[in-house]
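Residue strings, one per chain:
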Amino acid sequence: MSLDTLAAPASHAIEVRHSRFQARATAVETVAAAQAWLQEVAIANANHNCWAWRIGGDYRSSDDGEPAGTAGRPILSVIDGQGFDRVAVVVTRWFGGIKLGAGGLVRAYGGAAAECLRLAERLPLVARVELVLHAGFDDLGAVHTALEAFAAEKLDETFAAEGARFRLRLPELRADDLKTHLRDATRDRVRFDGDA
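Right, let's walk through the structure included here. (Residues numbered from 1 in each chain as written. Predicted model: local features only at pLDDT ≥ 70, side-chain atom pairs only at ≥ 80, totals over all residues. Heavy atoms only, no water.)

1. As for unusual backbone geometry
- A positive phi is found at Asp64, a non-glycine position, where the angle reads about 40°.
- Secondary-structure assignment places Asp64 in the loop between strand E5 (58-62) and helix H2 (72-81).
- Despite not being glycine, Arg86 shows a phi value in the positive range, around 55°.
- Mapped onto the fold, Arg86 is located in the loop between H2 and strand E6 (87-94). (Helix = DSSP H or I, 4+ residues; strand = E, 2+ residues; numbered from the N terminus.)

2. A short note on the pairing of E5
- Here strand E4 (residues 48-55) runs beside E5; their pairing, made up of five bridges, is antiparallel. Within E5, the position partnered with Trp51 by the bridge is Ser62.
- Hairpin geometry of E4 and E5 is characterised by an intervening segment of two residues between the two adjacent antiparallel strands and by a positive phi of about 60° at Gly56. (Pairing = 2+ DSSP bridges.)

3. Here's the deal with helix H3 (residues 101-119)
- Between the first and last C-alpha of H3 there are 27 Å, a value that for 19 residues agrees with the 27 Å anticipated at 1.5 Å per step.
- Every buried residue of H3 is accounted for by Gly104, Leu105, Ala108, Tyr109, Gly110, Ala112, Ala113, Cys116 and Leu117.
- Against the buried residues of H3 lie strand E1 (4-6), strand E2 (10-16), strand E3 (19-27), E4, H2 and E6. (Expected span 1.5 Å × (residues − 1). Buried < 20%, exposed > 50% of the residue type's maximum accessible area, 1.4 Å probe, protein only. Contact = heavy atoms within 4.5 Å.)

This is the structure:
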């Protein structure tokens, strides 16, 4: 399954037996960004700010005082179930005076998060790879032209007596095409680390 992140922040509110639930979601790139966003959007006068986030293999969730497993895990399950990555979701609850029970809480937190993400604008995540390229000075013009044409991000560039070394990041699906193009454009003078 291909994964998506959010194209823009999203929110959705529901009411369940007089309790208000407001779900808010945003795209996050790092654990630090997720934690900072959660602190920023937590509403102090609410009863609970329950949350979950996933960034690749890293994930966390919090029930924020609700019974264990009734808020954070359902939110995380929604993130995973809808095919999202690099996303943080917080569901804020204002208690309405009627207890919902464990099942009711799971449905309310999960439902608010699910509808928020369902209505949100998705942005496909593209798998990216890093390559190390070595090129002589005579081939630098061809290399720079190709990097732009193949949407390659230059992470690092160092120079030595024999030429330049580039550390690149680009969409995985374009890596082989970039290699073939540069070998053709430089008459096979460029080298990529890991190639025979």
